[in-house]
Amino acid sequence: AVLQLTQASRSFAPRSDAERNALTRAQPPSTDVAMYIGVALQALRQRDPARANEALQKAVAIAPGYAPANAYRPEALKMLGYDAKALAAAEQASEHLDGLPEDQQLRIRRQLALQKLDWPTVIGLDAQLLARDPLNGELHLARVRDLIDANHAHQAEVALAELLKL
């Protein structure tokens, strides 16, 4: 059992210097940034975009080049009705993709495509994210929402049925 645990823990460890660097870049640069992002994520889940945006602005002020802090701003700004600012925030996040883990890169690219209403790209990125994490219910719900927004009602029904099977 110890050997299996050791082997399993190795499978989660970064396999290369590039992976280690990506994981390092994905980490918040300070505890303050991590705290503000946590507050923002909680606010987004509670449908409080004003509080989320305020926390994310503080995180971005501390670490302007930290892409994950910028990656959540478009959602908050869009909920507040600031479509142009949401697009600008998504573009800003996408400028700092290099060196991030692939999952974060895909999520940031998806957010940019979402702000541009580029539904084929959004749906393609949804599929890539789900292929990497097929049991993630939030990704499934995002895919259903995206398919509905893209006027693909039948595909949305199929995606919802897949979610209900989980």
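**Student:** Give a description of the packing of aromatic side chains that names residues and reports values.
**Tutor:** According to the stated counting rule, one finds zero aromatic pairs in the structure shown. For the cation-ring pair, lysine 85 lies above tyrosine 82, with the distance from its terminal atom to the ring centre recorded as 4.9 Å.

**Student:** For unusual backbone geometry, give the residues involved together with the corresponding values.
**Tutor:** Although it is not a glycine, leucine 117 sits at a positive phi angle of roughly 60 degrees. Looking at the secondary structure, you find leucine 117 in the loop between α8 (102-115) and α9 (119-132).

**Student:** Lay out the nonpolar core with the relevant residues and their values.
**Tutor:** Membership of the largest hydrophobic core comes to 14 residues, with the highest contact counts inside it found for Val33, Ile37, Ala40, Ala52, Ala59, Tyr66 and Ala69. For this core, the secondary structure elements donating two or more residues are α3 (31-45) and α4 (49-62). Apart from the residues lying within four places of it in its own chain, the contact partners of alanine 59 are Val33, Tyr36, Ile37 and Ala69.

**Student:** Outline the layout of surface pockets, supporting the account with residue identities and numerical values.
**Tutor:** Approximately 1300 Å³ is the volume found for the largest pocket. Considering the residues around the largest pocket, the lining is formed by 35 residues, among which Tyr72, Glu75, Arg110, Gln111 and Glu138 are closest to the centre. Sorting the residues of the lining of the largest pocket by element identifies α2 (17-26), α3, α5 (67-71), α6 (73-79), α8, α9 and α10 (137-149) as the ones contributing at least two each. Partitioned by chemical class, the residues of the lining of the largest pocket number 20 nonpolar, five polar and ten charged.

**Student:** Outline the environment of leucine 112, supporting the account with residue identities and numerical values.
**Tutor:** In this fold, leucine 112 is placed in helix α8. For leucine 112 and alanine 90, which are 22 residues apart along the polypeptide, the C-alpha to C-alpha distance reads 4.9 Å. Not counting residues within four places of it along the chain, the set of residues in contact with leucine 112 comprises Leu87, Ala90, Glu91 and Ser94.

**Student:** I'd like a description of α4, backed by residues and values.
**Tutor:** End to end, α4 covers 20 Å across 14 residues, agreeing with the expected 20 Å (1.5 Å per residue, within 8%). Every buried residue belonging to α4 is among Pro49, Ala52, Asn53, Ala55, Leu56, Ala59 and Val60, and all of these are buried. Axial view of α4: buried residues confined to an arc of 165 degrees, hence all on one face.

**Student:** Explain the side chain of glutamine 111 residue by residue, including any values.
**Tutor:** Note that glutamine 111 resides in helix α8. Assessed through its relative accessible area of 10%, glutamine 111 is described here as buried. When sequence neighbours within four positions are dropped, the list of residues in contact with glutamine 111 reads Ala71, Pro74, Glu75 and Ala90.

**Student:** Describe the pattern of salt bridges, with residues and values.
**Tutor:** Under the definition given, this model contains nine salt bridges. Residue aspartate 83 is joined to lysine 78 by a salt bridge in which the shortest nitrogen-to-oxygen separation is 3.7 Å. Residue arginine 143 is joined to glutamate 162 by a salt bridge in which the shortest nitrogen-to-oxygen separation is 3.1 Å. Pair noted here: arginine 143 is in helix α10 and glutamate 162 is in helix α11 (residues 153-164), with a separation of 19 residues, a long-range link.

Conventions used here
Residues numbered from 1 in each chain as written. Predicted model: local features only at pLDDT ≥ 70, side-chain atom pairs only at ≥ 80, totals over all residues. Heavy atoms only, no water. Phe/Tyr/Trp six-rings, centres within 6.5 Å; stacked < 30°, edge-to-face > 60°. Lys NZ or Arg CZ within 6 Å of the ring centre and 35° of its normal. Helix = DSSP H or I, 4+ residues; strand = E, 2+ residues; numbered from the N terminus. Core = buried A, V, L, I, M, F, W, Y, C linked by side-chain atoms within 4.5 Å. Buried < 20%, exposed > 50% of the residue type's maximum accessible area, 1.4 Å probe, protein only. Contact = heavy atoms within 4.5 Å. 1 Å grid on protein atoms, 1.4 Å probe; cavity = no way out; pocket = protein on both sides within 12 Å on 5 of 7 lines; lining within 4 Å. Points joined across faces, edges and corners; volume = space filled by probe spheres on them. Nonpolar A, V, L, I, M, F, W, Y, C, P; charged D, E, K, R; others polar. Expected span 1.5 Å × (residues − 1). Arc of directions from axis to C-beta. Salt bridge = Lys/Arg side-chain N within 4 Å of Asp/Glu carboxyl O.

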